[in-house]
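Residues per chain are reported as follows:
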Amino acid sequence: MKEIKENKIYTEELNLFYGEKQALKNVSLNILPQKVTALIGPSGCGKSTFLRTLNRMNDLIDNVKITGKVFVDGVDIYNKRLDVVDLRRRVGMVFQKPNLFPLSIYDNVIYGVKLNGVRKKKILDEILERSLKQAALWDEVKDRLHHPGLGLSGGQQQRLCIARTLAVEPEIVLMDEPASALDPISTAKIEELIHELKKLYTLIIVTHNMQQAARVSDYTAFFYLGMVIEFDKTNKIFTQPKNKQTEDYVTGRFG
């Protein structure tokens, strides 16, 4: 069990079924703390499904069956006694498209904090500023905090979603293609942000963009047909992959 303690997340022979269809097959991965791990592979290969097993988002889908183990800080998160609400606070998630509430910028950021029982305005103001600064958005919105969040540009909305995730002080941040709907300038800002955030958080990012995976991640897992074909340091995956399938995918021969 020694390796479990050294990893922030550790999965052991993880299988997931949607009804009769098996979406994950014996996935065993070690994810190190304060690193960026990219999940790559063609559409429908299990990347996003795997991501959602790490904060039990698949619990919300009917007819899902999971076998195997997922440990976060050495604790099996599929233990029946585990507090799932607390898990989702510790393991935050940013989705492909911004999913803001129809509220002000201020209220979007502190929404989860208030749910956790924090009410003092001074504390909420401090959390708001810290989170927006971490999301590299403070300077752009500090003079219009009570304007609607939905009035921001797409890239700003996505960074606002990241600020909302960071406000509840997670330890792990999951990102499911966070820049796929954004223009190149907004994408570059998200990538810079990921680089900064790994100083404080463990990040796992699903991306279809090979160049993005190469730029932002420390480790890369190549998924294919629900299996992890290869997992290694990112520079090795992209320059010296051990597996022919990995080489074919990262060089664009299929996918």
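Structure's up top.
Here the residue numbering is sequential within each chain, running from 1 through the sequence in written order. With the structure being a predicted model, the display of local features is reserved for residues of pLDDT at least 70 and the display and counting of side-chain atom pairs for 80 or more, all residues being used for whole-chain, interface and lining totals. Only hydrogens and water are set aside; all other atoms, that is, all heavy atoms of the structure, feed into the side-chain values.

This part is about the side chain of Thr37. Here Thr37 lies in strand β3 (residues 36-40). Think of it in three bands: with a 1.4 Å probe and only protein chains considered, a residue is buried below 20% of the maximum accessible area for its type, exposed above 50%, and partly exposed in between. Overall, the relative accessible area of 0% leaves Thr37 in the buried class. By definition, residues are in contact when any of their heavy atoms lie within 4.5 Å. When near neighbours in sequence (up to four residues on either side) are disregarded, Thr37 contacts Ile31, Leu203, Ile204, Ile205, Ser217, Tyr219 and Phe231. In this text, helices come from DSSP runs of H or I with a minimum length of four residues, and strands from runs of E with a minimum of two, each type numbered from the N-terminal end.

So, about the packing of helix α7 (residues 154-167) against helix α8 (residues 184-197). For the pair α7 and α8, interaxial distance at closest approach is 9 Å and the crossing angle is 20°. On the basis of the axis angle, α7 is roughly parallel to α8. In the packing of α7 onto α8, the handedness of the crossing is right-handed. The residues of α8 that touch α7, namely those facing Gly155, Gln158, Arg159, Ile162 and Leu166, are Ser186, Lys189, Ile190, Leu193 and Leu197. Axis definition: a line fitted to C-alpha atoms, limited for helices to the stretch in contact. Angles are taken between N-to-C directions and run from 0 to 180 degrees. For classification, angles of less than 35 degrees are called roughly parallel, those exceeding 145 degrees roughly antiparallel, those between 65 and 115 degrees roughly perpendicular, and all remaining angles oblique. Each crossing gets its handedness from the near helix: less than a right angle anticlockwise from the far helix is left-handed, clockwise is right-handed.

Let's shift gears to the nonpolar core. One finds Leu132, Ile162 and Met175 to be the most contacted residues of the largest nonpolar core, which totals 45 residues. Counting residues per element, this core draws most heavily on α7, at six residues. For our purposes a nonpolar core is just a set of buried Ala, Val, Leu, Ile, Met, Phe, Trp, Tyr and Cys residues, chained together by side-chain atoms within 4.5 Å. Leu16, Leu51, Ile77 and Met93 belong to the second largest nonpolar core, which has 27 residues in total.

Here we take up the pairing of strand β10 (residues 227-233). Here, a strand pair is defined by DSSP locating no fewer than two bridges between the strands. Note: strand β9 (residues 219-224) against β10, six bridges, orientation antiparallel. Residue Thr220 lies in a different strand from β10, and its bridge partner there is Asp232. Joining the antiparallel neighbours β9 and β10 is a turn of two residues, in which Leu225 adopts a positive phi near 50°.

Moving on: unusual backbone geometry. Trans peptide bonds make up the majority, and among non-glycine residues the majority have a negative phi. Its identity as a non-glycine residue notwithstanding, Glu169 has a phi of 55°, on the positive side. By secondary structure assignment, the location of Glu169 is in the loop between α7 and β7 (172-176). Overall, the relative accessible area of 49% leaves Glu169 in the partly exposed class. Even without glycine at this site, Leu225 takes up a positive phi of about 50°. Its place among the elements puts Leu225 in the loop between β9 and β10.

Once that is clear, we can look at the sheet that holds strand β1 (residues 9-18). Here four strands make up an open sheet; going across it, the order is β2-β1-β4-β5 and the pairing antiparallel. In the strand order of this sheet, the two ends are held by β2 (21-31) and β5 (75-76), each with one partner. Sheet topology note: the β1/strand β4 (residues 64-72) ladder contains eight bridges and is antiparallel. Each bridged residue has a counterpart across the sheet, and for Tyr10 the counterpart in β4 is Phe71.

Multiplying one less than the number of residues by 1.5 Å gives the expected span of a helix. Taking 1.5 Å per residue, 14 residues should reach 20 Å; helix α5 (residues 121-134) reaches 20 Å between its end C-alpha atoms and fits that length. Burial in α5 covers these residues: Leu124, Ile127, Leu128, Ser131, Leu132 and Gln134. Down the axis of α5, the sector holding all buried residues measures 155°, keeping them to one side. Where the residues of α5 are buried, they touch α4 (105-115), α6 (138-141), α7 and α8. A positive backbone phi angle near 55° is found at Ala136, which sits one or two residues after α5. Think of the arc as the fan of directions from the helix axis to the C-beta atoms.

With that settled, consider the side chain of Lys8. Position of Lys8 among the secondary structure elements: in the loop between α1 (2-6) and β1. Polar contacts here mean pairs of N or O atoms no more than 3.5 Å apart (in protein, one a potential hydrogen donor and the other a potential acceptor; neighbouring residues in sequence count only if both atoms are side-chain atoms). Of note is the side chain of Lys8, whose polar atom sits 2.7 Å from the side chain of Glu171. Residues contacting Lys8, with those up to four places away along its chain left out, are Ile31, Leu32, Pro33, Phe71, Val72, Asp73, Glu171, Ile172 and Thr202.

So yeah, pure geometry; function would need other evidence.
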